[in-house]
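Working through the structure, step by step
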Amino acid sequence: MVVSYTREHVYRHPWHRVTAAAWRKFTDPAARAATGSLAHILDVHTLSRDVDPVSGRLRAVRAIAGRTPPPPLLLRGLLAGAGGDVVVLCVERTDVDAPARDMRVDSRNATLRGLVDVEERCSYAPHPERPDEWTLCRQETTIRCAPLAAVAPARVAEVVERRCAERFTQNADKGREVVERICADLAAEHDGIQEEPG
């Protein structure tokens, strides 16, 4: 079973601001607060980061821990201690080519892949119609649910995939809202610096 979808979003902010905001979204204190949009994110660790001295490309790998929604009753027995939320660890690989104004982020869950495997690819590039003012974000997501025939009917796998896709879409929408807010904050900060008397 596989569920795949592609979504695009236009940020009405320049590429450098959007990519700075996207980089900060998981560590933003307001987003991660108990009532924040990304309260399900528990922790973020940078595992590696390097800049190629010739090309200037930044490559980084981060580990992101987050709570999943409660699994369906039939699957709770497969997950140790899954009476409520389950913690999933994801690995995010980011490649930023600043001179070309291109940022790519690939994410995949590192745990629970025996049940559900989620891959997300996001790209951030200047919008073709307004390259100096807007940014086009393209998100491609694939969700694969392992065959559950040994523990549940095939219909359960379909339900799990559908619920994962719905939750993933909701979380992606929340992430976009956070990026939009951080962009607005960065724009206000930039405008405030420019208005200060020199």
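Notes on the structure follow.

Conventions adopted
Per chain, residue numbering runs from 1 following the sequence as it is written. Given that the model is predicted, a residue must reach a pLDDT of at least 70 before its local features are reported, and side-chain atom pairs must reach 80 or more before they are shown or counted; all residues, however, enter totals for whole chains, interfaces and linings. Only heavy atoms go into the side-chain values, all of them from the structure, while hydrogens and water stay out. We call two strands paired when DSSP finds no fewer than two bridges between them. Runs of E in the DSSP output that reach at least two residues are strands. Runs of H or I that reach at least four are helices, and both are numbered from the N terminus. To define axes, lines are fitted to C-alpha atoms, for helices over the stretch in contact only, and angles between the resulting N-to-C directions are given on a 0 to 180 degree scale. Here, two residues are considered to be in contact whenever any of their heavy atoms come within 4.5 Å of each other.

The next point concerns the sheet that holds strand β7 (residues 135-145). Strand pairing in a sheet relies on backbone hydrogen bonds. The paired strands run either parallel or antiparallel. What the seven strands build is an open sheet, ordered β1-β7-β6-β5-β4-β3-β2; its pairing is antiparallel. Only two strands of the sheet have a single partner each, and these edge strands are β1 (2-11) and β2 (41-51). On average, adjacent strands in this sheet sit at an angle of 15° to one another, irrespective of strand direction. Sheet analysis places strand β5 (residues 102-109) next to strand β6 (residues 116-126), joined by six bridges and oriented antiparallel. Within β6, the position partnered with Val 105 by the bridge is Cys 122. Sitting on the sheet, helix α1 (residues 15-24) is in contact with β1, β3 (58-68), β4 (86-97), β5, β6 and β7, with an inclination near 155° to β6.

Another point: the pairing of β5. Note that β4 and β5 share eight bridges and pair antiparallel. Residue Glu 92 lies in a different strand from β5, and its bridge partner there is Ser 107. The loop that links β4 with its antiparallel partner β5 comprises four residues; one of these, Arg 101, has a positive phi angle of about 50°. Once β5 ends, the chain turns through six residues before running back antiparallel as β6, passing Leu 112 with a positive phi of about 65°.

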